[in-house]
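Working through the structure, step by step
Spelled out, the chains give:
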Amino acid sequence: MNQPFRGPGGGGGIAFQNQPSALFNAMIAPLVGYAIKGFLWYQGESNTGRSAEYARLQPAMINDWRTKWNQPTAPFLYVQLPGFMEYNYLPTESQWAQFREAQLKSLSVPNTAMAVAIDLGEWNDIHPDRKQEVGERLALAAEKIAYGENIVYSGPLYQSQKIDGNKIILTFSNVGSGLITIDGEEPGEFAIAGADKKFVWAKAKIEGDKVIVWNDAVSNPMYVRYAWAVGRQPRQSKFI
């Protein structure tokens, strides 16, 4: 029996925007050759189940676009995925967290910057309303990467860790005049684990450009996470 054609995304039809190269050929290829200053990129929600793949695809795309425009150092600024879905009250695994980590790795490509947006998301809408803040953070990145302004354009980035007894001491770059939380309270959203990787919520305090993380129940810590759970926003003070 013949089945009716339902159109794009309609059960039996073809979602044309998801076909290989469809979006590129329709929306990017016609622009190749025009003068540009750089690129802004906000995408990833549909790739959250394939973070390891994305960690390879995004740097490849950056290099490919720079090659097509014959600008090997063109600034590439992108947005890390925002918070989304219900809050999870226990430390847990998260495809969205793994994907954010994959996005972070693209900073290894020269002349790139990442705007963090986890605090701007909404539990029930994959497209956040607070787009102005996203634009402001990208503008700061552009001032630094594209125009060479001597400004603090990014939040703190993990640099190294040191285990001291039952504590893990984290050191960060991009700390500006010092680490703070937006509400003045101790940092929240840290989780810690030993060799078994069974994460529990941790206490944390700021000392200079370092954050000290611990839980008295974990005597030999090996791992620490921050804001790592199912797509959602931080539950306590934002760490900036």
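A short tour of the structure in this document, coming up. For every chain, the first residue of the written sequence is number 1, and numbering continues from 1 onward in sequence order. Per-residue local features are limited, in this predicted model, to residues with pLDDT of at least 70; the limit for side-chain atom pairs, both in listing and counting, is 80 or more; totals at the level of whole chains, interfaces and linings are taken over all residues. As a convention, hydrogens and water are excluded, and side-chain values are obtained from all of the structure's heavy atoms.

1. Description of the side chain of Thr 112
Strands here mean DSSP runs of E at least two residues long; helices mean DSSP runs of H or I at least four residues long; both are numbered from the N terminus. Within the fold, Thr 112 resides in strand 3 (residues 112–115). The exposure class of Thr 112 is buried, given its relative accessible area of 7%. Of note is the side chain of Thr 112, whose polar atom sits 3.3 Å from the backbone oxygen of Ser 106. Residue contacts follow a heavy-atom distance rule, with two residues in contact if any of their heavy atoms lie within 4.5 Å. In contact with Thr 112, other than residues within four places in its own chain, are Ile 62, Arg 66, Phe 76, Tyr 78, Ser 106, Leu 107 and Ile 145. Think of it in three bands: with a 1.4 Å probe and only protein chains considered, a residue is buried below 20% of the maximum accessible area for its type, exposed above 50%, and partly exposed in between. Any pair of N or O atoms that falls within 3.5 Å is considered a polar contact. Within protein, one atom must be able to donate a hydrogen and the other to accept it, and sequence-neighbouring residues count only if both atoms are side-chain atoms.

2. Remarks on the sheet that holds strand 7 (residues 200–201)
At least two DSSP bridges between two strands are required for those strands to pair. Taken in spatial order, the 3 strands of this open sheet run 7-6-10, and their pairing is antiparallel. Since the sheet does not close on itself, it has two edges, and those belong to strand 7 and strand 10 (223–226), each with one partner. The pairing of strand 6 (residues 190–193) with strand 10 spans 4 bridges and is antiparallel. From the neighbouring strand, Phe 190 faces strand 10, where its bridge partner is Tyr 226.

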